[in-house]
Amino acid sequence: MHENNSIPVMNSTRLFPAAKLNRIKRICLLFFCIAFMMSCISNNSSVRRQDKIAEKTRTEVIAFVEKYLQNRLRDSRIFVDDADGLTTITNDISGYKIDHSRIVTGKIDEGEFLDAIVPVYTLRGQTVMGYSHLLVINSSGSFVVVKIMNDIFRIHGISDGHVIAEVSTVDPDSPGFGCNECKEVIKLTYRDGNLIREE
């Protein structure tokens, strides 16, 4: 006579009939779907909030830069030029054009507020004479132009305190200045009022 030492195995279908198991599975799936949807909604609202802050900063920066440039010119007027659609500030002797489509906002310095880089064309009469970028830092909710940069072609973006910029590899008076082969994309970091190239 052999003694049976094996542990009895409980039959799950006896504990949970098939209908009950299916119901538990459906409830678990429903909870998972609800949790997933709530996560998506939360992420979307966070993105929308960030977009609103960026748009508000952009609007405030445009107003600030318009006033800043107007103060640099005597007897100036401001209007949108029908020819190029750019905001133009001029006194007919000299002036500026602001390229709204290329304004970039993001955190550049250590502060909590969004900063901006604003591209500006300089005019002599009606002729474009130069192109520069205003580095605008938002210090405790008020804007300050800390630097005017003439050696940058384009700002591609601001990410984690780094400015991604397209610059020339040759001097401005070089015959190749501005050609595609003479440009490179670099990272810049804000330090003591300057954007310093990262090595």
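Residues numbered from 1 in each chain as written. Predicted model: local features only at pLDDT ≥ 70, side-chain atom pairs only at ≥ 80, totals over all residues. Heavy atoms only, no water.

A. Highlighting the overall build of the protein chain. For the protein chain, the count of helices and strands is two helices and 11 strands. Listing each helix as α and each strand as β along the protein chain from the N terminus yields α-α-β-β-β-β-β-β-β-β-β-β-β. The 199 residues of the protein chain split such that 30% are buried. The long-range fraction of contacts in the protein chain, counting pairs at least 24 apart against all pairs at least 6 apart in sequence, stands at 36%. On the protein chain, roughly 13,800 Å² of surface is accessible, and the fraction owed to carbon and sulfur atoms is 54%. (Helix = DSSP H or I, 4+ residues; strand = E, 2+ residues; numbered from the N terminus. Buried < 20%, exposed > 50% of the residue type's maximum accessible area, 1.4 Å probe, protein only. Contact = heavy atoms within 4.5 Å. Areas by Shrake-Rupley, 256 points an atom, 1.4 Å probe, with all protein chains shown as cover.)

B. Quick peek at the pairing of strand β2 (residues 87–90). Taking every second residue as pointing to the same face, both faces of β2 are buried, with T87 and I89 on one and T88 and T90 on the other. Pairing of strand β1 (residues 77–80) with β2, which is carried by four bridges, proceeds in the antiparallel orientation. Note on β2: the bridge partner recorded for V80 is T87. The pairing of β2 with strand β3 (residues 94–98) spans four bridges and is classified as antiparallel. Bridging from a neighbouring strand, T90 pairs with G95 of β3. The hairpin formed by β2 and β3 contains three residues between the paired strands, and D92 there has a positive phi angle of roughly 75°. (Pairing = 2+ DSSP bridges.)

C. Local environment of the side chain of S168. Within the fold, S168 resides in strand β9 (residues 162–168). There is a polar contact of 2.8 Å between the side chain of S168 and the backbone oxygen of V170. Beyond its immediate stretch of four places on either side in the chain, S168 contacts D151, F153, F177, C182 and K183. (Polar contact = N/O pair within 3.5 Å; in protein donor to acceptor, adjacent residues only side chain to side chain.)

D. Fine view of the packing of aromatic side chains. Overall, the coordinates contain three aromatic pairs when judged by the stated rule. When the ring of F64 is compared with that of F143, the centres are 5.7 Å apart and the planes differ by 40°; the resulting orientation is tilted. Here F64, found in helix α2 (residues 18–71), pairs with F143, found in strand β7 (residues 142–149); they are 79 residues apart in sequence, far enough to count as distant. We classify F64 as partly exposed; its relative accessible area is 23%. With centroids separated by 4.8 Å and ring planes inclined at 40°, the aromatic side chains of Y121 and Y131 adopt a geometry described as tilted. (Phe/Tyr/Trp six-rings, centres within 6.5 Å; stacked < 30°, edge-to-face > 60°.)

E. Structural context of the state of the cysteines. A complete count under the given rule lists one disulfide for this structure. Here C179 engages in a disulfide with C182; their sulfurs sit 2.4 Å apart. Looking along the S-S bond of the C179-C182 disulfide, the torsion reads about 65°, which is the right-handed sense. With relative accessibility at 12%, the residue C182 sits in the buried group. (Disulfide = S-S within 2.5 Å.)

F. Looking closely at the pattern of salt bridges. Overall, the coordinates contain six salt bridges when judged by the stated rule. Among the salt bridges present, the one from D84 reaches K97, with a minimum N-O distance of 3.0 Å. With D84 in the loop between β1 and β2 and K97 in strand β3, this pair connects stretches of sequence that are 13 residues apart. D84 sits in the partly exposed class, given a relative accessible area of 39%. Here the salt bridges share partners, and the residues they tie into one network are D81, D84 and K97. (Salt bridge = Lys/Arg side-chain N within 4 Å of Asp/Glu carboxyl O.)

G. Region of the structure containing the sheet that holds β9. If you trace the four strands from one edge of the open sheet to the other, you get β8-β9-β10-β11, paired in antiparallel fashion. Each edge of the sheet is formed by a strand with only one pairing partner; in this case those strands are β8 (152–159) and β11 (194–197). Strand-to-strand twist in this sheet, taken as the mean axis angle between neighbours without regard to direction, amounts to 35°. Pairing between strand β10 (residues 183–191) and β11: four bridges, direction antiparallel. Each residue of the ladder has a partner; that of R191, found in β11, is N194. (Axes fitted to C-alpha atoms, helices over the stretch in contact; angles between N-to-C directions.)

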